[in-house]
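Coordinate analysis (summary)
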Amino acid sequence: MPAFFQKIIAFFIAVLAFFGININHSDIDVEIKGDGYEYSIDYEDRELDIKFPSNPTTGYSWSYKIDGDALRLTKEEYDEYDNPFNAAGKGGEKEYEFTAVKPGEVTLEFTYLRDFEADSDRTVFVVKVSVDENLRISVVSFDKVK
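Residues numbered from 1 in each chain as written. Predicted model: local features only at pLDDT ≥ 70, side-chain atom pairs only at ≥ 80, totals over all residues. Heavy atoms only, no water.

1. Looking at the environment of P53
The condition that has to hold: The helix and strand labels rest on DSSP assignments: H or I over at least four residues marks a helix, E over at least two residues marks a strand, and numbering proceeds from the N terminus.
Relative to the assigned elements, P53 resides in strand β3 (residues 47-54). Remark: the alpha-carbon pair of P53 and E80, spanning 27 residues in sequence, is separated by 9.6 Å.

2. Let's talk about the nonpolar core
This is how it is decided: Residues grouped as a nonpolar core are buried Ala, Val, Leu, Ile, Met, Phe, Trp, Tyr and Cys residues, joined through side-chain atoms within 4.5 Å. Throughout, exposure labels follow a simple rule: accessible area from a 1.4 Å probe, protein chains only, divided by the maximum for the residue type, with under 20% read as buried, over 50% as exposed, and the rest as partly exposed. Any two residues whose heavy atoms approach within 4.5 Å are treated as being in contact.
Of all hydrophobic cores here, the largest spans 25 residues; its most connected members are L48, I50, F52, L71, L108, F110 and V127. If you list the elements that add at least two residues to this core, you get β2 (37-44), β3, β6 (92-100), β7 (104-113), β8 (123-131) and β9 (137-144). When sequence neighbours within four positions are dropped, the list of residues in contact with V127 reads I41, I50, V106, T107, L108, F110, V139, S141 and F142.

3. Observations concerning the sheet that holds β9
Basically, it comes down to this: At least two bridges found by DSSP between two strands is the condition for calling them paired. Axes here refer to lines fitted to C-alpha atoms; in helices the fit is confined to the stretch in contact. Angles between the N-to-C directions go from 0 to 180 degrees.
If you walk across this open sheet you meet the 4 strands as β4-β7-β8-β9, and the pairing is antiparallel. In this open sheet, the two edge strands, each paired with only one partner strand, are β4 (61-67) and β9. Averaged over all neighbouring strand pairs, the angle between strand axes comes to 20°, with direction disregarded.

4. Quick notes on unusual backbone geometry
If a residue is not glycine, its phi is most likely negative; likewise, a peptide bond is most likely trans. The phi dihedral of L135 is positive, around 65°, even though this residue is not glycine. Along the chain, L135 turns up in the loop between β8 and β9. Its relative accessible area of 16% is what places L135 among the buried residues.

5. Regarding the confidence of the model for the protein chain
Applied cut-off: The pLDDT score gives, residue by residue, the confidence of the prediction method on a 0 to 100 scale.
Mean pLDDT for the protein chain: 79, with 74% of residues reaching 70 or above. Here residues 5-28 scores under 50 on pLDDT; set against residues more than four positions off or in separate chains, the count is 16 contacts.

6. Quick look at the pairing of β8
When you tally the buried positions in β8, you get 8 out of 9 residues, the bulk of the element. Note: β7 against β8, 9 bridges, orientation antiparallel. Bridge pairing links T107 to K128 in β8. Linking β8 back to β9 in an antiparallel pair, the connection comprises 5 residues, with L135 at a positive phi of about 65°.

7. Here we look at the pairing of β9
Two strands pair when backbone bridges link them, and β8 and β9 are joined in this way by 7 bridges, in the antiparallel orientation. Each residue of the ladder has a partner; that of V131, found in β9, is I137.

8. Some points on the pattern of salt bridges
For clarity, the cut-off: Any Lys or Arg side-chain nitrogen located within 4 Å of an Asp or Glu carboxyl oxygen qualifies as a salt bridge.
All told, the structure shown has 7 salt bridges when counted by the stated rule. Note that K75 is salt-bridged to E95, the shortest N-O span being 3.5 Å. In this pair, K75 sits in strand β5 (residues 71-80) while E95 sits in strand β6, placing the two residues 20 residues apart along the sequence. We classify K75 as partly exposed; its relative accessible area is 26%. Its relative accessible area of 8% is what places E95 among the buried residues. When the shortest N-O distance is used, the salt bridge between K94 and E76 registers 3.1 Å. Linking K94 in strand β6 with E76 in strand β5, this pair joins segments that are 18 residues apart in sequence. The exposure class assigned to K94 is buried, which follows from its relative accessible area of 15%. Three or more residues joined by partner-sharing salt bridges are found here, namely K75, E77 and E95.

9. Observations concerning the packing of aromatic side chains
Heads up, the condition is: Working definition: rings of Phe, Tyr and Trp (its six-membered ring) pair if their centres are within 6.5 Å, and the pair is stacked with planes under 30 degrees apart, edge-to-face with planes over 60 apart, and tilted otherwise.
Under the criterion given, the structure shown has 12 aromatic pairs. On the numbers, 4.7 Å between centres and 25° between planes, the contact of W62 with Y112 is stacked. On the criterion of sequence distance, the pair formed by W62 in strand β4 and Y112 in strand β7 is long-range, its members being 50 residues apart. For the pair W62 and Y112, one class covers both residues: buried. On the numbers, 5.5 Å between centres and 25° between planes, the contact of F125 with F142 is stacked.

Laid out in structure tokens, this is it:
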């Protein structure tokens, strides 16, 4: 093989090695924008943080179901958006934080609805998560299904 091709191959191997060493799956942000809202998920090693827009003054609230035992809920809270004029009905964000506790697969389903209305419009997200043997979280999918 000519020396010129050997240098090109060596260069590409060096570039791939450089980027491969610096690729870090942790601290990933995923956002879904639609319906005028932004839904986000952020994970770093053993922590998974999911935020949904929310406005409890409308009667709607978020709930979740978990299928799998590799994650544990460590925080659930509502944070109101800045409201300098104290406007009525100001929304905020519902935040869920999960911690990896063992390897495995987990499916989280989040539903936003008025639970007192049988035919309430609803928003549903499904998040599929994998936890490896080092308890690092990887989000397999984050989908709005309704």
